[in-house]
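# Residue-level structure breakdown
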Amino acid sequence: MCGIVAYVGHQQAYPILIKGLRRLEYRGYDSAGVALLGSDGINLYKTSGKVDELDNHVKDKDISGTTGIAHTRWATHGEPNTINAHPHFSESGNLALIHNGIIENYLSLKAELENRGYKFRSQTDTEVLMYLIEDIFKSNGLSLFEAVQMALSQVVGAYAIVVISKDHPDELIAARKSSPLVVGLGKDEMFVASDATPLVEYTSEVVYLNDEEVALIRRGEKLLIRSIDNTVKSPYVHTLEMSLSALEKGGY
Ligand code: GLU
């Protein structure tokens, strides 16, 4: 089980993301990474090993930005090393993706993309999904949200994902199937995580995504959810009863 944390809002994202990854460390992982939407595009940093190592690695780097995604990986496809760690860039570097789960048909998707000239940098199934999303986005004149829906309709397997785009700095796109994902609703800020533990200190209003749902999470706008076949879903808002002090005493 890996950990996913994402943020879009008015605060600096990095401190929220790194603290969120620490709260998810109990799930186990072998590498960690973060991608932040800075003023000149996406800055992406990753390391094998612990979240502390990632935090040390970025000490002299540009970690500014109010939108970002962060991940702790439990390797299933490819060694636990820095290249295979998430986030993964799209081929152009305009998009970045974090993923929890397994894309079972990644080999056939990868072969198709390689035939079209794509060259992969990592051994992961996740990078195949990232390239597929961008390929659909570029070739079909769709919005990124629609491209994510279409890519996921071709995927066999399990996923919880979050995508960011250089061209949409106040936006996260999240989706899940057979792997949990929760959206936290704040005031002029939104959060995404694998479970609610990174969110409790910021909000008690959360929406658990259901299987095959894709969420458009935009700063200052209402959460919009559609199924991968484009049925509109009404978000069901839960109120968390977990408190931060109970969480901190809970031995995570
Ligand atoms: N299958 C992906 C990988 O190996 C994600 C693993 C995870 O859930 O951390 O990179």
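For the structure itself, consult the block above.
The structure contained in this document is the topic of the report that follows.

Quick notes on the rules
Within each chain, residue numbers correspond to sequence positions counted from 1 in written order. With pLDDT at 70 or above as the cut-off, local features in this predicted model cover only qualifying residues; side-chain atom pairs require 80 or more to be listed or tallied, and sums for whole chains, interfaces and linings still use all residues. Remark: hydrogens and water are excluded; side-chain values derive from all non-hydrogen atoms of the structure. Each Phe, Tyr or Trp ring (for Trp, its six-membered ring) is paired with any other whose centre lies within 6.5 Å, and the angle between the two planes then decides the class: stacked below 30 degrees, edge-to-face above 60, tilted in between. To qualify as a helix, a DSSP run of H or I must reach at least 4 residues; to qualify as a strand, a run of E must reach at least 2; elements of each kind are numbered from the N terminus. Here's how the labels work: a residue is buried when its accessible area is under 20% of the maximum for its type, exposed when over 50%, partly exposed in between, all with a 1.4 Å probe on protein chains only. By definition here, charges over rings are those cases where NZ of Lys or CZ of Arg is within 6 Å of the ring centre and within 35 degrees of the ring normal. Two N or O atoms count as a polar contact when they lie within 3.5 Å, although within protein this holds only if one can serve as hydrogen donor and the other as acceptor, and sequence-adjacent residues are included solely when both atoms are side-chain atoms. For this document, the term salt bridge refers to a Lys or Arg side-chain nitrogen within 4 Å of an Asp or Glu carboxyl oxygen. For this description, a residue counts as near a given molecule or strand if any of its non-hydrogen atoms is within 4 Å of it. Each accessible area value is a Shrake-Rupley result obtained with a 1.4 Å probe; residue values ignore everything except the protein chains displayed when judging cover. Contacts are residue-level and defined by heavy atoms, with any inter-residue pair within 4.5 Å sufficient. What counts as an axis is a line fitted to C-alpha atoms, over the stretch in contact for a helix, and the angles between N-to-C directions run from 0 to 180 degrees. By the definition adopted for this analysis, an angle is roughly parallel if under 35 degrees, roughly antiparallel if over 145, roughly perpendicular if from 65 to 115, and oblique otherwise. Left-handed describes a crossing whose near helix is turned anticlockwise from the far helix by less than a right angle; the clockwise case is right-handed. Polarity classes work like this: nonpolar for Ala, Val, Leu, Ile, Met, Phe, Trp, Tyr, Cys and Pro, charged for Asp, Glu, Lys and Arg, and polar for all others, with Gly in that last group. In this description, strands pair whenever DSSP reports at least two bridges between them.

In this section: the packing of aromatic side chains. Aromatic ring pairs are defined here through the distance separating the ring centres and the angle between the ring planes. Taken as a whole and judged by the stated rule, the model has four aromatic pairs. Look at F120 and Y131: their rings are 4.5 Å apart centre to centre, the planes differ by 20°, and that puts the pair in the stacked class. One end of the pair, F120, is in the loop between α3 (106-115) and α4 (125-140); the other, Y131, is in helix α4, and 11 residues separate them in sequence. A residue is classified by how much of its surface remains accessible, and Y131, at 0% relative accessible area, is buried. An aromatic cluster is built from Y7, F191 and Y202, whose rings are joined through pairwise contacts. Taking NZ or CZ as reference, K110 lies 5.2 Å from the ring centre of F120, over its face.

Counting through the fold element by element, D52 comes out in helix α2 (residues 51-57). Accessibility expressed as a relative area gives 46% for D52, which makes it partly exposed. Separated by 31 residues in the primary sequence, D52 and L21 place their C-alpha atoms 10.0 Å from one another. Within polar-contact distance, the side chain of D52 engages the side chain of R22 at 2.8 Å.

This brings us to the pattern of salt bridges. Applying the stated rule across the entire model yields 14 salt bridges. Measuring nitrogen to oxygen at the nearest pair gives 3.1 Å for the salt bridge that ties R219 to D188. Here R219, found in the loop between β12 (213-218) and β13 (224-227), pairs with D188, found in the loop between β9 (182-185) and β10 (190-193); they are 31 residues apart in sequence, far enough to count as distant. A residue is classified by how much of its surface remains accessible, and R219, at 30% relative accessible area, is partly exposed.

Of all residues adjacent to the ligand, which total 14 residues, the nearest are R73, T76, H86, G101 and D125. Interatomic distance of 2.7 Å between a side-chain N/O atom of T76 and a nitrogen atom of the ligand. Contacts to the ligand include D125, whose side-chain N or O atom sits 2.8 Å from a nitrogen atom. About the coverage of the ligand: the protein hides 98% of its 300 Å² of free accessible area. The set of elements that each furnish at least two residues to the shell around the ligand consists of β4 (67-73), β6 (95-103) and α4. When residues in the shell around the ligand are grouped by element, the largest group, three residues, is from β6.

Here E212 shows up in the loop between β11 (205-208) and β12. Leaving out residues up to four positions away in the same chain, E212 has contacts with Y159, R176, K177, R226, S227 and I228.

Okay, the packing of α4 against helix α5 (residues 144-153) next. It is the contact of α4 with α5, at a shortest axis distance of 8 Å, that shows an interaxial angle of 125°. Considering their axes alone, α4 and α5 lie oblique with respect to each other. Regarding α4 and α5, the two cross each other, and that crossing is right-handed. Residues L129, L132, I133, I136 and F137 of α4 lie in contact with α5, whose contacting residues are L144, A147, V148, M150, A151 and L152. For the contact of α4 with α5, the residue count by class is 11 nonpolar, no polar and no charged.

A few words on the sheet that holds β12. Neighbouring strands of a sheet are bound in pairs by backbone hydrogen bonds; such pairs are parallel or else antiparallel. Taken in spatial order, the seven strands make up an open sheet running β5-β6-β7-β8-β12-β13-β14, and their pairing is antiparallel. Sheet topology places β5 (88-89) and β14 (232-233) at the edges, where each strand pairs with a single neighbour. Summarising the sheet, β12 and β13 pair through four bridges and their orientation is antiparallel. Bridge pairing in β13 links E213 to S227. Those strands touched by α4 are β5, β6 and β7 (157-165), and its axis lies near 130° from that of β6.

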